[in-house]
Amino acid sequence: MKNIFFLIIASFFAFRSKGQFIDDPSLQPITARDLSQRLAPQYRQMAFLPVTTITREAILKRRAGQAAKPLPKLSNADSLDVTLMKIPGLHPGDPEIPVCIYKPKRITNAPIYLHFHGGGYVEGNLNWDHQHCANIAQHAGVVVISVDYRLAPEHVFPAALDDSYSALCWAAGHGVEIGGDTSKIIVAGISAGAGLAGGIAW
């Protein structure tokens with residue numbers, strides 16, 4: 001309750017300040033140069049990057065280009081068995097979910113690591129974290145399942161979360177078949193993928 005009270009007070013002053021900014025002609029928008037001085041040195045050049053307009057068409061075009069590329073060659077391919085497959089969706093009528101499974105050779109009954117890529121929920125695929133997942137499988141001695149969940153805007157919430165949860169259910173039910181220990185399942189991800197991992201772990 002205390003946190004809610006402070007949130008309400010903060011919101012009040014934020015909106016009040018916003019109104020004052022609009023009515024005060026002496027206040028000017030911050031320049032890229034001024035902004036750069038407020039950033040840590042390693043990020044200062046970002047203030048001068050051109051503004052990019054993100055459209056649905058641009059997202060779909062980027063995705064099409066990414067999807068056309070094959071999986072990159074792994075530097076540690078000799079240490080792993082890598083399998084591309086599809087698993088069932090959560091609800092009847094949901095499309096199958098592409099996954100990539102990375103299993104260290106000569107290891108059985110290993111913990112299962114369920115991985116979700118980033119991309120702001122609008123882009124990303126199995127290629128993005130291919131080497132990353134392979135490295136985790138090799139160095140941590142786990143079976144990694146990388147999940148290619150559905151993306152917005154054409155697939156609205158909770159499509160990505162449903163796919164993520166379906167992958168978790170599949171891992172729990174079929175993990176033994178891929179050399180995993182279903183009593184030890186880890187869920188994790190990068191950026192948007194971390195949000196999905198948190199959502200299904202909740």
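Above this note sits the structure.
So, a few notes on the structure that sits alongside this text. (Residues numbered from 1 in each chain as written. Predicted model: local features only at pLDDT ≥ 70, side-chain atom pairs only at ≥ 80, totals over all residues. Heavy atoms only, no water.)

## Observations regarding helix α5 (residues 159-174)
Operational definition: Helical segments are the DSSP runs of H or I of at least four residues, strand segments are the runs of E of at least two, and each set is numbered from the N terminus. Helices are assigned an expected span. That span is 1.5 Å times one less than the residue count. Relative accessibility decides the category of a residue: with a 1.4 Å probe and only protein chains considered, values under 20% of the type maximum give buried, values over 50% give exposed, and everything between is partly exposed. Residue contacts follow a heavy-atom distance rule, with two residues in contact if any of their heavy atoms lie within 4.5 Å.
Between its first and last C-alpha atoms α5 spans 22 Å; for 16 residues at 1.5 Å apiece the expected length is 22 Å, and the two agree. For α5, the full list of buried residues reads A159, A160, D162, D163, S164, S166, A167, L168, W170 and A171. Where α5 is buried, its residues contact β1 (80-87), β2 (97-104), β3 (110-116), β4 (143-147), β5 (180-189) and α6 (192-201).

## Quick notes on a nonpolar patch on the surface
Note the threshold: Residues form patches when they are more than 30% accessible in relative terms and have no salt bridge. Like charges link within 9 Å. Nonpolar side chains (Val, Leu, Ile, Met, Phe, Trp, Tyr) link within 5 Å. Computed by Shrake-Rupley with a 1.4 Å probe, the accessible areas treat only the displayed protein chains as cover when residues are assessed. Salt bridges, as used here, are contacts in which a Lys or Arg side-chain nitrogen is within 4 Å of a carboxyl oxygen on Asp or Glu.
A cluster of nonpolar side chains, namely Y43, M46 and L49, defines an oily patch on the protein surface of about 340 Å² accessible area. Among the structural elements, L49 can be located in the loop between α2 (32-38) and α3 (56-67). Classification of L49 as exposed rests on a relative accessible area of 54%.

## A few points about helix α4 (residues 130-140)
The test is simple: Regarding the arc, it is the one traced by the directions from the helix axis to the C-beta atoms.
Looking only at α4, the buried set comprises H130, C133, A134, I136 and A137. All buried residues of α4 fall inside an arc of 160° around its axis, so they share one side. Residues of α4 that are exposed and point more than 90 degrees away from the buried face comprise H139 and A140. Those residues of α4 that are buried lie in contact with β1, β2, β3 and β4. Positive phi appears at G141, one or two residues downstream of α4, with a value of about 65°.

Take it as geometry only, folks, not as evidence of what the structure does.
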